[in-house]
Amino acid sequence: MRILIADDHRLIVEGVKLKLTELGPNTDFVTAMDMAELREAIQAPESSSLSLALIDLAMPGVHGHEHLAEVIAHLPQVPVMVLSGSEDAALMKNLLSMGVQGFIPKAYSPDVMLSAVRLVLSGGIYVPPLLLQERTDGASTTAAPAAAPAPANAADTLEERLRKLLTERQIDVLRLLSQGKPNKLIARDLGISEGTVKIHLAAIFRALNVRNRVEAVVASRRISGL
């Protein structure tokens, strides 16, 4: 397993490497400390063997989030996770929407980081708990029309509506999806094929009125009956 770590702080790089050696004895690392080194790493012939890229948001030579877009475009088969000192929920949402498969605030513990990396390596998406909380409480931060207040039992209403729109098996898929499990594990747990999981997910996305897995996971956290 080869992991790319891009960060301009040597102590952080070494700390991340030390923790991620727990993934297995054959874990190797490629490091980059600025945009030039990052571009060199993703354009190298051996970049196709990378298993994961952990990338800081702020490094010398980067402009906005263009470096993340460049990595995602250049290595579409490599999952990209962000390491950042920021805990801004809007930023996390934007990055997840552009194709990042995990966002790890640097304030989080090494064990949380390791668990997040394992989830992403297994095909899942790591959504920080504070983003889920932000989305759950988001209605209170946006003024709703005075003539149409949200019902107190909104979560129950959503659950009832889903049970009318989805089959019991699709509810099972949604429950496992809400735990961050990738299609492969969902299929294994339910004894169905990955193709069938994808069909169920399409129905779930329509029922929740969401566009992707991240939004579905966030929406599912509002459902008390899962």
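Parameters at a glance
Residues numbered from 1 in each chain as written. Predicted model: local features only at pLDDT ≥ 70, side-chain atom pairs only at ≥ 80, totals over all residues. Heavy atoms only, no water. Helix = DSSP H or I, 4+ residues; strand = E, 2+ residues; numbered from the N terminus. Buried < 20%, exposed > 50% of the residue type's maximum accessible area, 1.4 Å probe, protein only. Contact = heavy atoms within 4.5 Å. Salt bridge = Lys/Arg side-chain N within 4 Å of Asp/Glu carboxyl O.

Participant: Give me the lowdown on the side chain of His67, citing residues and values where you can.
Facilitator: With respect to the element layout, His67 can be found in helix α3 (residues 66-74). Judged by relative accessible area, His67 falls into the buried class, the value being 1%. Dropping the residues within four chain positions of it, His67 is found in contact with Met35, Leu38, Ile55, Asp56, Leu57, Met59 and Val62.

Participant: Report on the pattern of salt bridges, specifying residues and quantitative values.
Facilitator: Enumeration over the complete set of coordinates arrives at ten salt bridges. For Glu14, the salt bridge identified is with Arg10, shortest N-O distance 3.7 Å. Within this pair, Glu14 and its partner Arg10 are both found in helix α1 (residues 10-20), separated by four residues, close to a single helical turn. Given a relative accessible area of 43%, Arg10 falls into the partly exposed group. Between Lys106 and Asp56 there is a salt bridge, and its shortest N-O distance comes to 3.3 Å. Residue Lys106 is found in the loop between β5 (102-105) and α5 (110-121), and its partner Asp56 is found in strand β3 (residues 50-56); the two are separated by 50 residues along the sequence. On the accessibility criterion, Asp56 (5% relative accessible area) is buried. Among the charged side chains, a salt-bridge network with shared partners connects Asp7, Asp56 and Lys106.

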